[in-house]
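Structural characterization, general
Single-letter residue listing:
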Amino acid sequence: MLYSIVGQDVEQSLEGRKAARPAHLERLQALRDQGRLVLAGPNPAIDSNDPGEAGFTGSVVVAEFASLEDAQAWADADPYVAAGVYAHVEVKPFKQVF
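Read on for an overview of the structure. (Residues numbered from 1 in each chain as written. Predicted model: local features only at pLDDT ≥ 70, side-chain atom pairs only at ≥ 80, totals over all residues. Heavy atoms only, no water.)

What follows is about empty space enclosed by the protein. Here the idea is plain: a probe the size of a water molecule rolls over the atoms and shows the empty space left. Taken as a whole, this structure holds one cavity of 30 Å³ or more when the rule is applied. Counted as a void, the largest cavity has a volume near 70 Å³. Every residue along the wall of the largest cavity is listed here: Ile5, Val6, Gly7, His24, Ser59, Val60, Val61, Trp74, Ala75, Asp78, Tyr86 and Val89. Among the elements of the structure, strand S1 (2–9), strand S3 (56–64), helix H2 (68–76) and strand S4 (86–94) are those that each provide at least two residues to the lining of the largest cavity. Broken down by class, the residue content of the lining of the largest cavity amounts to eight nonpolar, three polar and one charged. (1 Å grid on protein atoms, 1.4 Å probe; cavity = no way out; pocket = protein on both sides within 12 Å on 5 of 7 lines; lining within 4 Å. Points joined across faces, edges and corners; volume = space filled by probe spheres on them. Helix = DSSP H or I, 4+ residues; strand = E, 2+ residues; numbered from the N terminus. Nonpolar A, V, L, I, M, F, W, Y, C, P; charged D, E, K, R; others polar.)

The next subject is the environment of Lys18. When you line up the elements, Lys18 lands in helix H1 (residues 14–33). Along the primary structure Lys18 and Leu31 are separated by 13 residues, whereas in three dimensions their C-alpha atoms are 21 Å apart.

Here we come to the pairing of S1. The buried fraction of S1 is high, at six of eight residues. Inspection of the sheet shows S1 paired to S3 by seven bridges, in the antiparallel sense. In the strand pairing of S3, Ile5 is matched with Val61. Relative to S4, S1 is paired through eight bridges, and the arrangement is antiparallel. Within S4, the position partnered with Ile5 by the bridge is Val91. (Buried < 20%, exposed > 50% of the residue type's maximum accessible area, 1.4 Å probe, protein only. Pairing = 2+ DSSP bridges.)

Structure below.
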């Protein structure tokens, strides 16, 4: 089943994001290589694809997992969590209609 994983950043998260980004992307690439990743990306803090120093306010991942527990465990192990980038992460089942 698909699950949405929505991380909400702490204030001033940009430096932590930059430091943890390679490991974060490596995990997403693994999901993609397994054919389980539907989409992933950050939420810019301003209305721009390149927000520069304004940074980001969070991220969204939609991917396939065997269960809600597996999706939660994957989200909990994210490098952004370990680096303190995310203040909160919410994992929910997701039904793709389009």
